[in-house]
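Single-letter residue listing:
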Amino acid sequence: MLAKEHIDDLLDRNGNVVSTDGDKIGSIGQVYADDDSGQPTWVTVKTGLFGTSESFVPLEGARVDGDDLVVPYSKDQVKDAPRVDADGHLDPSEEDRLYAYYQISGGGGRTYTDASTGRDGDNNSAGTAGYDTDARGSVGHDTSGPTTDDAMTRSEERLNVDTERQTAGRARLRKYVTTENVTTTVPVEREEVRIEREPITDANIGAAMDGPAISEEEHEVILHEERPVVDKETVPVERVRLDKDTVTDEVIVEEEVRRERIETDGTGDIRR
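The rules we used
Residues numbered from 1 in each chain as written. Predicted model: local features only at pLDDT ≥ 70, side-chain atom pairs only at ≥ 80, totals over all residues. Heavy atoms only, no water. Buried < 20%, exposed > 50% of the residue type's maximum accessible area, 1.4 Å probe, protein only. Helix = DSSP H or I, 4+ residues; strand = E, 2+ residues; numbered from the N terminus. Pairing = 2+ DSSP bridges. Arc of directions from axis to C-beta. Salt bridge = Lys/Arg side-chain N within 4 Å of Asp/Glu carboxyl O. Patch = residues over 30% accessible without salt bridge, like charges linked within 9 Å, V, L, I, M, F, W, Y side chains within 5 Å. Areas by Shrake-Rupley, 256 points an atom, 1.4 Å probe, with all protein chains shown as cover. Lys, Arg positive; Asp, Glu negative; His and termini not counted. Charge placed at Lys NZ, Arg CZ, Asp CG, Glu CD. Core = buried A, V, L, I, M, F, W, Y, C linked by side-chain atoms within 4.5 Å. Contact = heavy atoms within 4.5 Å. pLDDT = per-residue confidence, 0-100. Polar contact = N/O pair within 3.5 Å; in protein donor to acceptor, adjacent residues only side chain to side chain.

Draft legend 1. Here's a closer look at the pairing of strand β3 (residues 40–47). Burial runs high along β3: eight of the eight residues are buried. Of the pairings in the sheet, the one linking strand β2 (residues 24–34) to β3 comprises five bridges and is antiparallel in character. Across the sheet, residue Tyr32 finds its bridge partner in β3, namely Trp42. Where β2 folds back onto β3 in an antiparallel hairpin, the turn is made up of five residues, including Gly38, whose phi is positive at roughly 75 degrees. Two strands pair when backbone bridges link them, and β3 and strand β4 (residues 53–58) are joined in this way by six bridges, in the antiparallel orientation. In the sheet register, Thr44 faces β4, and the bridge partner there is Phe56.

This is the structure we're talking about:
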């Protein structure tokens, strides 16, 4: 037979109720003791989402295995047990229904009261609206670890986007020589021969009669002309340098973030 201190130790360590084949049924909720003998006789198992449903299991034939309480019943058998409110007290009619379901002898008009205790030994009976109040005074019981306070913290990830400077490329100035044809028009002058005839007059009769009367004679005139003379010189035309401008673009950042959500189960019996 399990002693009360065994149950208290399991409660302090947030023990679980498991079947004989090792299947976890749920976490230990409340322990009910006989009003006359004070011997622990029933234990409730928290099942369902967030452990909001509690099923009664007899402690007869149960044993302690580390942090767990092993009962000689299957998970389905416990979950299908008659629904009895875990309100801190078990009436004879309720106990008879449970004894009949688990096919064990007992009852006989005896009553059972919640005998769960915390580490300080104070009575830890059912709290407001049928929920447990732990040693810290918080409503509810953390089934995944030590009870902290009366609330559950919901967290989420958020993006913290910043920028970093990195090399995107290089730009260079390079000078090279090309050849192209340039066409221009240059005015040039040249001399051409023009024959001029003048009649004999008193003014030129002397020059005309100078020399033999009849003779052969040649007269030569030198002609001149201009031609283009090409010369090249190098002159600076402009200065070229590299400079930088800063422009602003918009970049769309997509990333997955995790967010915790809190759901409730079995809230229909909560009194407001």
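Once the structure has been displayed, the description carries forward.
Draft legend 2. Up close: unusual backbone geometry. In this model, Gln103 sits at a positive phi of 60 degrees, which is unusual for a non-glycine residue. Looking at the secondary structure, you find Gln103 in the loop between α3 (92–102) and β8 (112–114). A relative accessible area of 71% places Gln103 in the exposed class.

Draft legend 3. Region of the structure containing α3. Of the residues making up α3, those classed as buried are Glu94, Glu95, Leu98, Tyr99 and Tyr102. Buried residues of α3, viewed axially, fall in a sector of 135 degrees; they line one side. At the exit of α3 stands Gln103, carrying a positive phi of roughly 60 degrees.

Draft legend 4. Focus on the environment of Asp21. Structurally, Asp21 is set in the loop between β1 (16–19) and β2. The exposure class of Asp21 is exposed, given its relative accessible area of 64%.

Draft legend 5. Seen up close, the pattern of salt bridges. Under the criterion given, the structure shown has six salt bridges. One salt bridge in this structure joins Glu156 and Arg154, with 3.7 Å as the shortest N-O distance. The exposure class assigned to Arg154 is partly exposed, which follows from its relative accessible area of 46%. For Arg259, the salt bridge is made with Glu156, and the minimal N-O distance between the two is 2.7 Å. Here Arg259, found in the segment after α4 (205–208), pairs with Glu156, found in the loop between β8 and α4; they are 103 residues apart in sequence, far enough to count as distant. One continuous salt-bridge network, built from bridges that share partners, spans Arg154, Glu156, Arg158 and Arg259.

Draft legend 6. Spatial organisation of a negative patch on the surface. A contiguous patch of negative charge on the surface is contributed by Asp21, Asp23, Asp76 and Asp80. With respect to the secondary-structure elements, Asp76 resides in helix α2 (residues 75–79). The class of Asp76 is exposed, set by a relative accessible area of 54%.

Draft legend 7. Structural detail: the environment of Thr41. Tracing the backbone through its elements, the reader meets Thr41 in strand β3. Using a relative accessible area of 17% as the deciding quantity, one classes Thr41 as buried. Separated by ten residues in sequence, Thr41 and Val31 have C-alpha atoms that sit 7.6 Å apart.

Draft legend 8. Here's a closer look at the nonpolar core. The biggest cluster of nonpolar side chains holds 28 residues, and the ones touching the most others in it are Trp42, Phe56, Val57, Leu59, Leu69, Val71 and Tyr102. Only α1 (4–12), β2, β3, β4, β6 (68–71) and α3 provide two or more residues apiece to this core. When residues of this core are assigned to their parent elements, the largest contribution, four residues, is made by β2. Not counting chain neighbours up to four residues away, the residues in contact with Val71 comprise Val17, Val18, Ser19, Thr20, Ile25, Val57 and Ala62.

Draft legend 9. Spatial organisation of the confidence of the model for the protein. Put simply, the protein has an average pLDDT of 78, and 78% of its residues get 70 or more. Taken together, the stretch residues 117–139 has pLDDT below 50 and engages in 47 contacts with residues farther than four places along the chain or on a different chain.

Draft legend 10. Examining the side chain of Ser55 more closely. Looking at the element boundaries, Ser55 is found in strand β4. Overall, the relative accessible area of 1% leaves Ser55 in the buried class. A distance of 2.6 Å separates polar atoms of two side chains, one belonging to Ser55 and the other to Arg83. Discounting residues that sit within four places of it in the chain, Ser55 has contacts with Val43, Thr44, Val45, Thr47, Val78, Lys79 and Arg83.

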